[in-house]
2 protein chains.
Amino acid sequence: MRQAGSTSSPWVSRRDRAAERQSKRDAVLCTAVRFFNAQGFHATSLDDVAKALSVTKPTIYHYFSNKDEILFECVRLGLETIRDATEAAHSDGGPARDRLETFMREYALVMTRDFGICVTRTSDDQLGEESRAKFRALKREINEGLQSLVEEGMRDGSLAHGNAQVVAFTVAGALNWIARWYRPDGGMSAQQVADHTVATLIHGLIPRAPAS
Amino acid sequence: MRQAGSTSSPWVSRRDRAAERQSKRDAVLCTAVRFFNAQGFHATSLDDVAKALSVTKPTIYHYFSNKDEILFECVRLGLETIRDATEAAHSDGGPARDRLETFMREYALVMTRDFGICVTRTSDDQLGEESRAKFRALKREINEGLQSLVEEGMRDGSLAHGNAQVVAFTVAGALNWIARWYRPDGGMSAQQVADHTVATLIHGLIPRAPAS
DNA sequence: ACCTTAGGTTACTTGCGAGTATACAAATCA
DNA sequence: TGATTTGTATACTCGCAAGTAACCTAAGGT
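Residues numbered from 1 in each chain as written. Chains lettered and ligands numbered in written order. Predicted model: local features only at pLDDT ≥ 70, side-chain atom pairs only at ≥ 80, totals over all residues. Heavy atoms only, no water.

## Overview of the relation of the copies chain A and chain B
At step 1: Each copy of the sequence occupies a distinct position, and chain A is placed on chain B by a rotation of 180° and an axial shift of 0.0 Å, giving an RMSD of 0.0 Å. A rotation of that kind, with that shift, is consistent with a two-fold axis. Considering only C-alpha atoms, the part of chain A nearest the rotation axis is Gly204(A), at 1.7 Å.
At step 2: By residue overlap, the copies meet face to face through one surface: 100% of the interface positions of chain A are interface positions in chain B. (Least-squares fit on C-alpha atoms with pLDDT ≥ 70 in both. Contact = heavy atoms within 4.5 Å.)

In structure tokens form, the structure reads like this:
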């Protein structure tokens, strides 16, 4: 727990205390997201989460102002990872198709992890006013990033022409769905799932060589 | 309301009364599913639904034994349409690829309608014991049907070789996602969305002719 | 005329879980 | 040493919505 506090004196102060607070906050999120994914948000009481951490509910309220905030922080962690990947895909060089592929793989991997799973299981009616707005904004940002990547690829000829919006949603849907069916103990690694799913989307269902 | 009662005598009886009861049941489902889709299941109270129908809550309990049953009937209506389409796709003749394509289009269309939308917004933690089991069974049946169709296509050469399970989930994910983004007033008809999405999945993202 | 059943109402119970008031202990600060 | 801040617990409030009890009315069967 007591991480990187230069000297390991018993007098932990300022920076260290802040770090400890942060790590406890994180612990709440990690525990909460597992419950949310396993039982659903509404079916999870903060007493459940508290008990799993061997504390009581008011302790949780010491780190978060309400249940909404906890859920939002979970989805934020998932979404920001993906958003950062879109940004990387845009600033990198090379043909759009390659950048898209890299992005898709990263996206798929996030969907095999707790916070990513939470994103797809959360619908915005579970969040209050303000969180909902931020949640939607993040999702829109990601979708626009994905769509503009697709458009770029259609323009530079590395992707087949078509309705970029539909293509973007098709990709997003297939990738998001991973969160619903992937099980770590199911014979495939997360990486394999990501690779196969991306390959399916890229190459399509029908054979390449001699179209029927 | 008084439908097809042969003569339109004021003495409605037996069969007609049963039909009327059924139509009221259906009205509850139609109203409820709209609320569920708009606000989420938990955020919808049966008082809301009752008020929208200009009746009171106990009236609803006259047609359904609890809230679970209402939700389950909604998803059942959506899922059974899809399941029937899988069965049709299996019993029809012709190359598997064509049957798969027809099935996908039908699936996509269901996802633009209320009961289909409800299916993807419902996670099984919202249902009680028994309904949950039936819900899962239906979904599994559909997925197995889809997957075996894919396997058949890979065998007869009308579909590209690959991991049939991943392919099935990729298809299901892309199609299910339609329920999350399609808006009837968004410039595309349901049919167009279905066609474009299916085409994207079938042909893949990269161009067919001169692969870069 | 009378009983029964269907469909509906008003008014209630009830339980769960989010969020809070209050108190307490330990450590840091001055 | 005393004051203040931080983290935690115990024990509560409180509102909402699911589900129920009891009652009413009208129509159909006999």
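## Quick word on the protein's contact with DNA strand D
At step 1: Taken together, 19 residues lie around DNA strand D, and Arg21(A), Thr56(A), Thr59(A), Tyr63(A) and Lys57(B) are the ones closest in.
At step 2: When atoms of DNA strand D within 4 Å of the protein are sorted by moiety, sugar and phosphate together comprise 63%.
At step 3: In this structure, Lys24(A) approaches DNA strand D through a side-chain N or O atom, which is 3.1 Å from a phosphate oxygen.
At step 4: With respect to DNA strand D, the side chain of Lys67(B) contributes an N or O atom lying 2.8 Å from a phosphate oxygen.
At step 5: Every element with two or more residues in the surface near DNA strand D is listed here: helix 1 (15–39) and helix 3 (57–61) of chain A together with helix 3 (57–61) of chain B.
At step 6: Class assignment of the residues belonging to the surface near DNA strand D gives a composition of six nonpolar, eight polar and five charged. (Near = heavy atom within 4 Å. Polar contact = N/O pair within 3.5 Å; in protein donor to acceptor, adjacent residues only side chain to side chain. Helix = DSSP H or I, 4+ residues; strand = E, 2+ residues; numbered from the N terminus. Nonpolar A, V, L, I, M, F, W, Y, C, P; charged D, E, K, R; others polar.)

## Things to note about the side chain of Ser131(B)
At step 1: Within the secondary structure, Ser131(B) is located in helix 7 (residues 129–155).
At step 2: Ignoring anything within four residues of it in the chain, the contact list for Ser131(B) reads Asp68(B) and Phe72(B).

## Quick word on the interface of chain A and chain B
At step 1: Taken together, the 40 residues of chain A in the interface contact 40 residues of chain B.
At step 2: At the boundary of chain A and chain B, one finds two salt bridges.
At step 3: One salt bridge in this structure joins Arg121(A) and Asp125(B), with 2.5 Å as the shortest N-O distance.
At step 4: Our enumeration of links across chain A and chain B arrives at 16 residue pairs in polar contact (both at pLDDT 80 or more).
At step 5: For the side of chain A that touches chain B, the secondary structure elements donating two or more residues are helix 5 (96–110), helix 6 (114–121), helix 8 (164–181) and helix 9 (190–203) of chain A.
At step 6: Taken together, the residues of the side of chain A that touches chain B break down into 18 nonpolar, 17 polar and five charged. (Salt bridge = Lys/Arg side-chain N within 4 Å of Asp/Glu carboxyl O.)

## Comments concerning the protein's contact with DNA strand C
At step 1: Lys57(A), Arg21(B), Thr56(B), Thr59(B) and Tyr63(B) are the nearest of the 21 residues found near DNA strand C.
At step 2: The share of sugar and phosphate among atoms of DNA strand C within 4 Å of the protein is 63%.
At step 3: In the model, a phosphate oxygen of DNA strand C is placed 3.1 Å from a nitrogen or oxygen of the Lys24(B) side chain.
At step 4: Between His62(B) and DNA strand C, the recorded distance is 3.2 Å, taken from a side-chain N or O atom to a base nitrogen.
At step 5: When residues of the surface near DNA strand C are traced back to their parent elements, those giving at least two are helix 3 of chain A together with helix 1 (15–39) and helix 3 of chain B.
At step 6: Residues that form the surface near DNA strand C fall into these classes: nine nonpolar, seven polar and five charged.

## A closer look at the packing of aromatic side chains
Residue and element names in this part refer to chain A.
At step 1: As enumerated under the stated definition, the model contains six aromatic pairs over all chains in all.
At step 2: For the ring pair phenylalanine 36 and phenylalanine 41, a centre distance of 5.1 Å and an interplane angle of 70° mean the geometry is edge-to-face. For the pair phenylalanine 36 and phenylalanine 41, a shared accessibility class is recorded, and that class is buried.
At step 3: Across the ring face of phenylalanine 41, the terminal group of lysine 67 is positioned such that the distance to the ring centre comes to 4.3 Å. (Phe/Tyr/Trp six-rings, centres within 6.5 Å; stacked < 30°, edge-to-face > 60°. Buried < 20%, exposed > 50% of the residue type's maximum accessible area, 1.4 Å probe, protein only. Lys NZ or Arg CZ within 6 Å of the ring centre and 35° of its normal.)

## Digging into the confidence of the model for chain A
At step 1: Of all residues in chain A, 92% have pLDDT values of 70 or greater, and the mean over the chain is 93.
At step 2: A low-confidence stretch, residues 1–7 of chain A (pLDDT under 50), is modelled with five contacts involving residues beyond four sequence positions or located in other chains. (pLDDT = per-residue confidence, 0-100.)

## Some words on unusual backbone geometry
Residue and element names in this part refer to chain A.
At step 1: Of note in this structure, serine 54 is not a glycine but carries a positive phi near 60°.
At step 2: Here serine 54 shows up in the loop between helix 2 (46–52) and helix 3.
At step 3: Among the residues examined, serine 54 registers a relative accessible area of 67% and is labelled exposed.

## A word on the UniProt feature "domain: HTH tetR-type" (unreviewed entry) in chain A
At step 1: UniProt records the feature "domain: HTH tetR-type" (unreviewed entry) for residues 22–82 of chain A in the present numbering.
At step 2: Taken end to end, residues 22–82 of chain A has its terminal C-alpha atoms 22 Å apart, with 75% of it in helix and 0% in strand. (UniProt positions renumbered as here; feature names shortened; annotations may be inferred.)

## Describing the pattern of salt bridges
Side-chain pairs of opposite charge can arise where the charged atoms are in close proximity.
Residues and elements named next belong to chain A.
At step 1: Inspection of every chain in the model, using the stated rule, returns 32 salt bridges over all chains.
At step 2: The residue arginine 34 makes a salt bridge to aspartate 114 at a minimum N-O spacing of 3.3 Å. Remark: aspartate 114 occurs in helix 6 and arginine 34 occurs in helix 1; sequence separation between them is 80 residues.
At step 3: Relative accessible area serves as the criterion here: at 54%, arginine 34 is assigned to the exposed category.
At step 4: Overall, aspartate 114 belongs to the partly exposed group, its relative accessible area being 28%.

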